[in-house]
Amino acid sequence: MQILRRLSLALFSLVFCGAVNAQSLTIFWAEWDPANQLQELADMYTEENGVEVVVETTPWPDFQTKTFTELTAKGTSFDIVVGDSQWLGAGATGGHYVEMTDFFAEHGVDKSMTEGTVTAYAEYPKGSKRYWAIPTEGDADGWSYRKDWFEDPKEMAAFKEKYGYDLGIPETWAQLRDIAEFFHRPDEGRYGVSIYTQKDYDALTMGIENVLWAFGGSLGDMANYKVQGLVNSPGSVEAIEFYKELYQFTPPDWGNTFFIEGNQAMTQGQVAMAMNYFAFFPALTNPKINPHAENTGYFANPAGPKGRFAALGGQGMSINSYISDEQKQLAWDFLEWFVKEENQYKWAEVGGFTCNANVLKSDAFLEATPYNKAFMESMFIVKDFWANPEYADLLESIQRNLHEYIVADKGTAQEALDNIANDWEAIFKKHGYSK
Amino acid sequence: MNHTAAPINPAQGGLSDLSIRNLFIIPTIVFLILINVFPLLWSLYLSFHEWRANSADDPVFVGIQNYREVLNDSNFWDTFTLTAQYVVYAVIGEVMVGFGIALLLNRSMRGKGLITTLLLLPMMMSPAVVGLFWKLLWNPSWGIVNPLLGLPNDFAWLSDPDRAMWAVVITDVWMWAPFVMLLSLAGLSAIPQYLYEAAEIDRASWWFTFRNITLPLVSPLLLIAIIFRTMENFKQFDMIFTMTGGGPGINTEVNAIKLYRMAFQQWDTGKSCAFAYIMLIMVIGISNIYIKYLNKAKQR
């Protein structure tokens, strides 16, 4: 009898706990600082509304695999996923994400967030005005640089003598190249620049995108799936050749580098300038991590002959379509709270990179960190890679061919881009996008 | 007093021998079927289908199209040739270094046990850790390799298309030569001493003794080491992936890395299953050739 009573109690506890858990929301994201910041913001939501919000994380390399494994199995272990922009197509066409078009209209999300982030983080297909995610963590490529090197009177004089203009934050890619060349002194253990070169996933492509659009290059016509003559256009060739030129001014053995190495190059005092996502800049302001923190400055991408652009990073929040209606309602409630301007201010205060245009332009945001001004500028010039479900096939080809040209030094830029255009055309034909 | 245990009568509630056997074996068999056999059959099924693991769509039967696409893909043959080169270089390196060290250690000497244990440490580490560790060592800016070899600080290894493969092979040899050493040492210590004594009486040269006594008697164990290392190197993934990610270009992109990209980055699940089966067939074929030689060596 005693055993039966204990069993009943245990069963009651389980049911009761289950009822409590029904009032909680799980958000799935990669393991990094912004996820901790989102948890801080979520705690504020819990205080206001009594609904527990847990931000579950997994290391970056597993994030995509775990997310899609769960979604393909129609799993409900998370209610919201803060997914990469490239996943939109797979999430939308695969039936994994809940459509948010009506929510956008009702809450004016497409008006309050910057245009580039709405297109990149939320819209699929591009230009369709159909939305699948709330722009959450805005991010883009920017630059950190050594202020003390740039402001050294001797260096300034020597630079002016060599190049005929003042040493300062580069306004054009040509100036950035000159500065990289000027500070590239392998004998002194100093190098010009750190750029993305890693072959894995999308690293090299993200780095190249910054110069590609600025030189008039293209990743293709995303509305009509046309790539020939665009991907391998003269502008694209010029951009790729320029990126390869920059690669000469990187530290030795810099052919497999991404955000970790970019920050490492700065903290170890190796380079004058380092390309990286803004999300990784907070570490550079910490003197315990970066001994040169006080001498580290930040700037947004310079302009090229055809304009100024930044490769988009960051993610948006999407609702898992397989969760119950009750959980969906909890998710909608949280997102409704999240997109409100006052809460976007809170998001920025805890360190999140908001995509809200008003918050981005506010003095409070611009003065909060040394890199927020550059971030704000970047959020208005961002562009992104393809987001259709076959984006990974496209990435494989571009990463392989460009790595072969830039790092392995094989073939020409034109050959590499022709290969990519041919591969992409075949992929689009195979999947029925083009004839 | 009679201490003989009374036989258990199943009818009285005890378990029969058959029941006990089933109790131990059935869970193991079920576990093996779920963990090993089912994925093997499921992946074979998928290899004949067009399917993406990140899609909610059902697999579509395409016959042998995935196999045809893999075998007609010039990148596959480039990768396969590269993998074969890597396997040959790495296995030759491991055997030469491992067997050489075993010959040096196959004598009475002070601290032999300690030296052997220390030499075995690399193979006890995780390949991913070894890859990350050696990535630092090969780095021209702060690694130890260039200063030790007297090379300049801009002499790149892992980003250089001609040197990356050698850097990876040397790392692999550092890690796995101890395994060959261990098996060779076991084979060498099992050779009867009287054979060497007889050769010495006959004033046989060192080379004659090595060729006619040492090598034939140690070759079965050496072949086992070669079989293991060949199979392992064909599947090599983590060490190379952490060191070079398959680059520069495709200069270290061995089969396993290409397979990983196809399966978990491109999500081309059907095609990657076909790729995996082609690799499996190749490894089985190569292993069978070795096993034939091994049987011959045993018969001698």
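What you see is a predicted model, and the numbers here were worked out from it, not measured in a lab. (Residues numbered from 1 in each chain as written. Chains lettered and ligands numbered in written order. Predicted model: local features only at pLDDT ≥ 70, side-chain atom pairs only at ≥ 80, totals over all residues. Heavy atoms only, no water.)

Within the largest apolar cluster, 155 residues are counted, with the highest numbers of intra-cluster contacts made by M273 and W424 of chain A. Dropping the residues within four chain positions of it, M273 of chain A is found in contact with W143, S144, Y145, F150, L176, I179, A180, G192, V193, S194, M266 and F299 of chain A. Residues V91, V130, A167 and L183 of chain B belong to the second largest nonpolar core, which totals 49 residues. (Core = buried A, V, L, I, M, F, W, Y, C linked by side-chain atoms within 4.5 Å. Buried < 20%, exposed > 50% of the residue type's maximum accessible area, 1.4 Å probe, protein only. Contact = heavy atoms within 4.5 Å.)

Take the sheet that holds strand 3 (residues 80-84) of chain A next. Residue and element names in this part refer to chain A. A sheet is described by the order of its strands in space; here five strands give the open sequence 2-1-3-10-4, paired in mixed fashion. In the strand order of this sheet, the two ends are held by strand 2 (52-58) and strand 4 (134-137), each with one partner. Each adjacent strand pair in this sheet contributes to an overall mean axis angle of 30°, direction not counted. Sheet topology places strand 1 (residues 24-30) next to strand 3; two bridges connect them, and they run parallel. Residue pairing in the sheet places F28 in a bridge with V81 of strand 3. Sheet contacts for helix 3 (residues 60-72): strand 1, strand 2, strand 3 and strand 10 (315-319); angle to strand 1, the most-contacted strand, approximately 125°. (Pairing = 2+ DSSP bridges. Helix = DSSP H or I, 4+ residues; strand = E, 2+ residues; numbered from the N terminus. Axes fitted to C-alpha atoms, helices over the stretch in contact; angles between N-to-C directions.)

Okay, unusual backbone geometry next. Cis geometry is found at the peptide bond from Y124 of chain A to P125 of chain A, where omega equals -10°. Backbone torsion omega between G247 of chain B and P248 of chain B reads -5°, so that peptide bond is classified as cis. By the element assignment, P248 of chain B lies in the loop between helix 10 (238-243) and helix 11 (255-265). Unusually for a residue other than glycine, K74 of chain A sits at a positive phi of about 55°. Checked against the element boundaries, K74 of chain A lands in the loop between helix 3 and strand 3. The phi dihedral of K129 of chain A falls on the positive side, at around 65°, and the residue is not glycine. Secondary-structure assignment places K129 of chain A in the loop between helix 7 (115-121) and strand 4. With a relative accessible area of 55%, K129 of chain A lands in the exposed category.

As a further point, take the pattern of salt bridges. For the structure shown, the criterion picks out 27 salt bridges over all chains. Salt-bridge contacts for K430 of chain A lead to E69 of chain B; the nearest nitrogen and oxygen are separated by 3.9 Å. Taken as a pair, K430 of chain A in helix 20 (residues 413-430) and E69 of chain B in helix 2 (residues 65-72) lie in two separate chains rather than in one. Here the residues in one salt-bridge network are E155, R185, E188 and R190 of chain A, joined through shared partners. (Salt bridge = Lys/Arg side-chain N within 4 Å of Asp/Glu carboxyl O.)

Turning our attention to the packing of aromatic side chains. Residue and element names in this part refer to chain A. This structure, assessed with the given rule, holds 75 aromatic pairs over all chains. Between the aromatic rings of F68 and W87, the centroid separation amounts to 5.4 Å while the plane-to-plane angle is 70°, which identifies the pairing as edge-to-face. Within this pair, whereas F68 is found in helix 3, its partner W87 is found in the loop between strand 3 and helix 4 (88-93), the two being separated by 19 residues in sequence. The residues F68 and W87 share a single accessibility class, namely buried. (Phe/Tyr/Trp six-rings, centres within 6.5 Å; stacked < 30°, edge-to-face > 60°.)

On the surface, L15, I20, L23, F24, I25, I29, I33, V37, L41 and L44 of chain B cluster together into a nonpolar patch covering about 900 Å² of accessible area. One can find V37 of chain B in helix 1 (residues 17-46). (Patch = residues over 30% accessible without salt bridge, like charges linked within 9 Å, V, L, I, M, F, W, Y side chains within 5 Å. Areas by Shrake-Rupley, 256 points an atom, 1.4 Å probe, with all protein chains shown as cover.)

What follows deals with the sheet that holds strand 7 (residues 271-277) of chain A. Residues and elements named next belong to chain A. The mixed open sheet is built from four strands, whose spatial order is 6-7-5-8. Among the strands making up the open sheet, the edge pair consists of strand 6 (191-194) and strand 8 (296-299). Each adjacent strand pair in this sheet contributes to an overall mean axis angle of 20°, direction not counted. The pairing of strand 5 (residues 141-146) with strand 8 spans four bridges and is classified as antiparallel. Among the inter-strand pairings, S144 is bridged to a residue of strand 8, identified as Y298. Packed on one face of the sheet, helix 13 (residues 259-267) meets strand 5, strand 6, strand 7 and strand 8 and runs near 150° to strand 7.

Attention shifts here to the domain arrangement of chain B. Residues and elements named next belong to chain B. Domains assigned within chain B are domain 1 (14-61) and domain 2 (67-299). For domain 1 versus domain 2, the separation of C-alpha centres amounts to 32 Å. Contact with domain 1, which involves 12 residues of that partner, is made by nine residues of domain 2. Taken together, the two surfaces of domain 1 and domain 2 that pack against each other cover about 890 Å², and 59% of this comes from carbon and sulfur. For the interface between domain 1 and domain 2, the tally reads seven residue pairs in polar contact (both at pLDDT 80 or more). (Domains from an automatic or database assignment. Buried area = accessible area lost by both parts, 1.4 Å probe. Polar contact = N/O pair within 3.5 Å; in protein donor to acceptor, adjacent residues only side chain to side chain.)

This part covers the layout of surface pockets. In this structure, the second largest pocket spans a volume of roughly 750 Å³. If you trace the second largest pocket, you find 28 residues lining it, with S43, L259, F264, C273 and A276 of chain B closest to the centre. Within the residue set of the lining of the second largest pocket, elements represented by two or more residues are helix 3 of chain A together with helix 1, helix 11 and helix 12 (269-299) of chain B. Of the residues in the lining of the second largest pocket, the class split is 20 nonpolar, seven polar and one charged. (1 Å grid on protein atoms, 1.4 Å probe; cavity = no way out; pocket = protein on both sides within 12 Å on 5 of 7 lines; lining within 4 Å. Points joined across faces, edges and corners; volume = space filled by probe spheres on them. Nonpolar A, V, L, I, M, F, W, Y, C, P; charged D, E, K, R; others polar.)

Another point: the domain arrangement of chain A. Residues and elements named next belong to chain A. According to the domain assignment, chain A contains domain 1 (24-139 + 313-383) and domain 2 (141-311 + 390-430). Each of domain 1 and domain 2 has a C-alpha centre, and these two points are 27 Å apart. Between domain 1 and domain 2, the contact holds 20 residues from the first and 23 residues from the second. A combined buried area of about 2000 Å² lies between domain 1 and domain 2, and 64% of that area is made up of carbon and sulfur atoms. By the criterion of area lost to domain 2, the three top residues of domain 1 are Y371, I381 and K383, representing 31% of everything that side buries. Along the contact surface separating domain 1 from domain 2 lie one salt bridge. At the junction of domain 1 and domain 2, the tally comes to eight residue pairs in polar contact (both at pLDDT 80 or more). Every element with two or more residues in the side of domain 1 that touches domain 2 is listed here: helix 18 (372-379) and strand 11 (382-383). Looking at the side of domain 1 that touches domain 2, the element that brings in the most residues is helix 18, giving four residues.

Take the interface of chain B and chain A next. Chain B puts 40 residues into the contact, and the matching count from chain A is 36 residues. R52 of chain B is paired through a salt bridge with D393 of chain A; the nearest N and O atoms lie 2.6 Å apart. At the boundary of chain B with chain A, the tally comes to 18 residue pairs in polar contact (both at pLDDT 80 or more). Grouping the constituent residues of the side of chain B that touches chain A by class yields 16 nonpolar, 15 polar and nine charged.

The next thing to look at is the confidence of the model for chain A. Looking at chain A as a whole, its pLDDT mean stands at 92, while 95% of the residues score no less than 70. Here residues 1-21 of chain A is modelled with pLDDT under 50, and outside its nearest four sequence neighbours on either side it reaches zero contacts, counting other chains as well. (pLDDT = per-residue confidence, 0-100.)

Take helix 14 (residues 325-339) of chain A next. Along its 15 residues, helix 14 of chain A runs 21 Å from first to last C-alpha, staying within 8% of the 21 Å computed at 1.5 Å per residue. Residues of helix 14 of chain A that are buried include every one of Q327, K328, L330, A331, W332, F334, L335, W337, F338 and V339 of chain A, and no others. (Expected span 1.5 Å × (residues − 1).)

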